[in-house]
Amino acid sequence: MSLQDSAQGRVSNSYVTREWAVRPARGLRPGGRFLSRGRVAVGALHWLGWIIVSPRSVVSGGVTRELDNLGVGALRLVASASILVGLIATFQVAYQLKQYGAESVSALAIGWFATREVGPLVVALLVVTRSASAIAGEFAAMATSGELDALRAMSLDPVKYLVAPKLAAMCLALPALTIIADGLITLGGWVGTTFFLGFNSRFYLEQIRTSLSTSDLVIGVAKSFLFGFVIAIIASDEGLGIDRRVTAIGEAASRAVVYCLLGVLATDTLINAVFYFIPALVF
Amino acid sequence: MPSSTSSPPSSSERALEVHHLSGPAGSPLIFDIDLFVDCGETVLVLGPIQSGKSMLMRHLVGLECASTGSIAVDGFSFDPTRPDEKALRKFRTRVGVVFEGSALLRRISVVENVELPLLEHQHRSRSNARDAAQELLAEVGIEVEADTMPVQLGRAGQRRVALARALALHPRLLLLDEPTLGLDSQAAHDFDETLQALQRRYNFGIVIFSHEVRHAYAPANEIDILAGGRIIARGSRESLLESDDAVIHGLLHRRERE
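In this text, all values refer to a predicted model and were calculated from it rather than measured experimentally.

(A) Examining the overall build of chain A more closely. Looking only at helices and strands, one finds 10 helices and zero strands in chain A. Expressed as a percentage of the 283 residues in chain A, the buried residues total 48%. Of the contacts made within chain A by residues no fewer than 6 positions apart, 82% connect residues no fewer than 24 positions apart.

This is how it looks when you write it as structure tokens:
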């Protein structure tokens, strides 16, 4: 199919069927972006269930591949950034508390918010910068090269074959990365507290043990699961919803990062608000 | 002069039947297309760039919504103006498509590319689908390891894999968009020969959408000239060569000029 043929003054897809990818330009409808993301999310959740009951399918093979790419591939970035975040948190908290002569409780503060807030958020933001643009760019490139059309021409649902494996991998990888990041932020805090602030290791570990709670860890991991969901759906939707212009690939990747960042922050705000206004939820 | 564009050829075994197809709805780029292909027949839709060839092909697999018309493949029809997903799914199992540039999925292996339609539509086991995929690949002249990726093959190899994938469900109709574009003359000739051998074996109808006049010299039973979204002439190469229409003359005599 020549590019010129397909671009005869027609830049956006027309509405053909209820297939997700062939739809009106989202910008032309109020709430179109939310509608299209909702459709991708519903479709992906449906196929996610199918992956769980059919663990030997070709799609499940895709989950392993995506886990390797989105999860294992992000390990080095998450590990190094987490240690640095631990150090930054130590210095920042110690600096603030120094005015009150309470420098010694900076380890407590790290334990309080590393697992519940900083860990999941830092991991989500790192994964957004690393993977959201990659996912959107990959799908957008597939759209411009005709791969998505080829899938649809065989009645193969792109949400099933492309989005669901990424969603599954993201929802598994983010909690795992968050647990690793929690540990490494604490490690960074130990380095800062012990080597730079001069407190001994035993003191630090005791403070951390006092401040860490299982509920914070569980809430942090649950948050990261939701962040994974939000990132996978928004990035996929941005990549899949493009028209067939070559420049659309870069635009989709850039939009994916912006909307994923906003999506993660909005989700975090919502969760924090829920826990603040309904304290009974904190078990 | 070429024959009238509205008279369908008569045949008992029709692979494709298109009547009065116009679209896409809202901003039509093809107008009142009639197209008839019998099983075992090859029809070339020849037209200059931006004549609507690709748009016509997209309509034939339900990737665009038509404003008017009807499409039937192997006696199974669907309403292209209001495509129903279930009907479209059944319809698409009867049509194989080779897109321009092959459009293979680059993240999965060559064998997995061919396996996909078998797993989705025939619900075969992985091992069974894998064997069938390897057989299909052997039929189009490709022998690869299980983990060979599409990028490891050349352009001609990828085109053959796309052909194997299109034939996986044994369709009655095969649509090819610029199938030999970018191939050297020997590779293009070999591809045509493979295609003809497979057609003789499985008796499917073929529609080639191309701007390359070389296809008119391969055994295309009929040539439809598409210009400005309309079929302006239809007939055999010999009858079309006699035309004094500027577009037809320009398309068919390019080979002599080159």
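(B) Quick peek at helix α2 (residues 85-92) of chain B. Of the positions making up α2(B), those classed as buried are B:L88, B:F91 and B:R92. Along the axis of α2(B), the buried positions cluster into a sector of 90°, meaning they face one direction only. In the core, the buried residues of α2(B) are packed alongside α6 (147-153) of chain A together with β4 (68-73), β5 (76-78) and β6 (95-98) of chain B.

(C) Examining the environment of A:S145 more closely. For A:S145, the position within the fold is in the loop between α5 (106-144) and α6. Spatially, the C-alpha atoms of A:S145 and A:T193 are 53 Å apart, while their sequence positions differ by 48 residues. Non-local contacts of A:S145, meaning those with residues more than four positions away in its chain, are made with B:G101 and B:A103.

(D) Here's a closer look at the domain arrangement of chain B. Residues and elements named next belong to chain B. Per the domain assignment, the segments of chain B are domain 1 (10-94 + 175-196 + 204-258) and domain 2 (101-170). A straight line from the C-alpha centre of domain 1 to that of domain 2 covers 25 Å. Classifying every residue of the side of domain 1 that touches domain 2 gives four nonpolar, three polar and no charged.

(E) Fine view of the nonpolar core. In this structure, A:I231, A:A256, A:C260, B:A164, B:L175 and B:I225 are the most contacted members of the largest nonpolar core, which totals 149 residues. With 18 residues, α5(A) is the largest single contributor of residues to this core. Looking at this core, you find at least three residues from each of domain 1 (10-94 + 175-196 + 204-258) and domain 2 (101-170) of chain B. Filtering out sequence-adjacent residues up to four positions away, B:L175 remains in contact with B:M57, B:L60, B:V61, B:V95, B:V97 and B:V207.

(F) Just helix α1 (residues 53-60) of chain B, in detail. All names here are of chain B. Within α1, eight of the eight residues are buried, which leaves it mostly tucked inside the rest of the structure. Turning to α1, its buried residues number three or more, namely K53, S54, M55, L56, M57, R58, H59 and L60. Just downstream of α1 lies G62, where phi reads positive at about 75°.

(G) Highlighting the packing of helix α4 (residues 75-98) of chain A against helix α7 (residues 158-196) of chain A. Residues and elements named next belong to chain A. Two elements in contact, α4 and α7, have axes whose closest approach is 7 Å; the angle formed by their N-to-C orientations is 45°. The angle between α4 and α7 places the two elements in the oblique class. Crossing of α4 over α7 shows right-handed handedness. Where α4 approaches α7, its residues V78, A79, S82, I83, L84, V85, G86, L87, A89, T90 and F91 are matched on the opposing element by L177, I180, A181, L184, I185, T186, L187, G188, G189, V191, G192 and T193. Within the contact of α4 with α7, the residues separate by chemical class into 15 nonpolar, eight polar and no charged.

(H) Representation of the sheet that holds strand β10 (residues 230-235) of chain B in the model. Residue and element names in this part refer to chain B. Ordered in space as β6-β7-β8-β3-β9-β10, the six strands form an open sheet in which the pairing is mixed. The open sheet has two edge strands with one neighbour each: β6 and β10. This sheet shows a mean twist of 20° between the axes of neighbouring strands, independent of strand direction. In this fold helix α5 (residues 155-166) packs onto β6 and β7 (173-177), with an angle of close to 165° to the strand it touches most, β6.

(I) Seen up close, the packing of α5(A) against helix α10 (residues 248-277) of chain A. All names here are of chain A. The interhelical angle for the contact between α5 and α10, taken along N-to-C directions, is 145°, at an axis separation of 8 Å. The interaxial crossing formed by α5 with α10 has right-handed handedness. Partitioning the contact of α5 with α10 into residue classes produces 18 nonpolar, four polar and one charged.

(J) Region of the structure containing the sheet that holds strand β1 (residues 14-23) of chain B. All names here are of chain B. The strand order β2-β1-β4-β5 describes an open sheet built from four strands, whose pairing is antiparallel. Looking at strand neighbours, the two that pair on one side only are β2 (30-38) and β5, the edges of this open sheet. Going from strand to strand, the sheet's axes swing by 15° on average, the running direction of each strand aside. One ladder, built from five bridges, connects β1 with β4; its direction is antiparallel. The partner of H19 across the bridge, within β4, is S70. Contacting β1, β2 and β4, α1 crosses the sheet at an angle of about 65° to β2. Strands in contact with α2 are β4 and β5; relative to β5, the strand with the most contacts, it is inclined by about 140°.

(K) Seen up close, unusual backbone geometry. All names here are of chain B. With an omega of -5°, the peptide bond running from G23 to P24 counts as cis. Topologically, P24 is positioned in the loop between β1 and β2. One non-glycine residue, A103, adopts positive backbone phi at about 55°. Tracing the sequence through the fold places A103 in the loop between β6 and α3 (110-121). When the 25 C-beta atoms within 10 Å are taken as the criterion, A103 is described as buried. Backbone geometry places N203, a non-glycine residue, at a positive phi of 60°. Looking at the secondary structure, you find N203 in the loop between α6 (185-202) and β8 (205-210). Look at N203 and you get partly exposed, because 14 C-beta atoms sit within 10 Å.

(L) Layout of the environment of A:P120. All names here are of chain A. Looking at the secondary structure, you find P120 in helix α5. When the C-alpha positions of P120 and D268 are compared, they lie 9.4 Å apart, and in sequence the two are 148 residues distant. Setting aside chain neighbours within four positions, we find P120 in contact with T178, G220, K223, S224 and F227.

(M) Seen up close, the pairing of β2(B). Residues and elements named next belong to chain B. Note that β1 and β2 share six bridges and pair antiparallel. The residue of β2 that forms the bridge with R14 is D38. Taken together, β1 and the strand that follows it, β2, pair antiparallel across an intervening segment of six residues, in which G26 is found at a positive phi of about 100°.

Definitions and cut-offs
Residues numbered from 1 in each chain as written. Chains lettered and ligands numbered in written order. Predicted model: local features only at pLDDT ≥ 70, side-chain atom pairs only at ≥ 80, totals over all residues. Helix = DSSP H or I, 4+ residues; strand = E, 2+ residues; numbered from the N terminus. Buried ≥ 20, exposed ≤ 12 C-beta atoms within 10 Å, placed from the backbone. Contact = placed C-beta atoms within 7 Å. Arc of directions from axis to C-beta. Domains from an automatic or database assignment. Nonpolar A, V, L, I, M, F, W, Y, C, P; charged D, E, K, R; others polar. Core = buried A, V, L, I, M, F, W, Y, C linked by C-beta atoms within 7 Å. Axes fitted to C-alpha atoms, helices over the stretch in contact; angles between N-to-C directions. Parallel < 35°, antiparallel > 145°, perpendicular 65-115°, else oblique. Left-handed = near helix turned anticlockwise from the far one by under 90°. Pairing = 2+ DSSP bridges.

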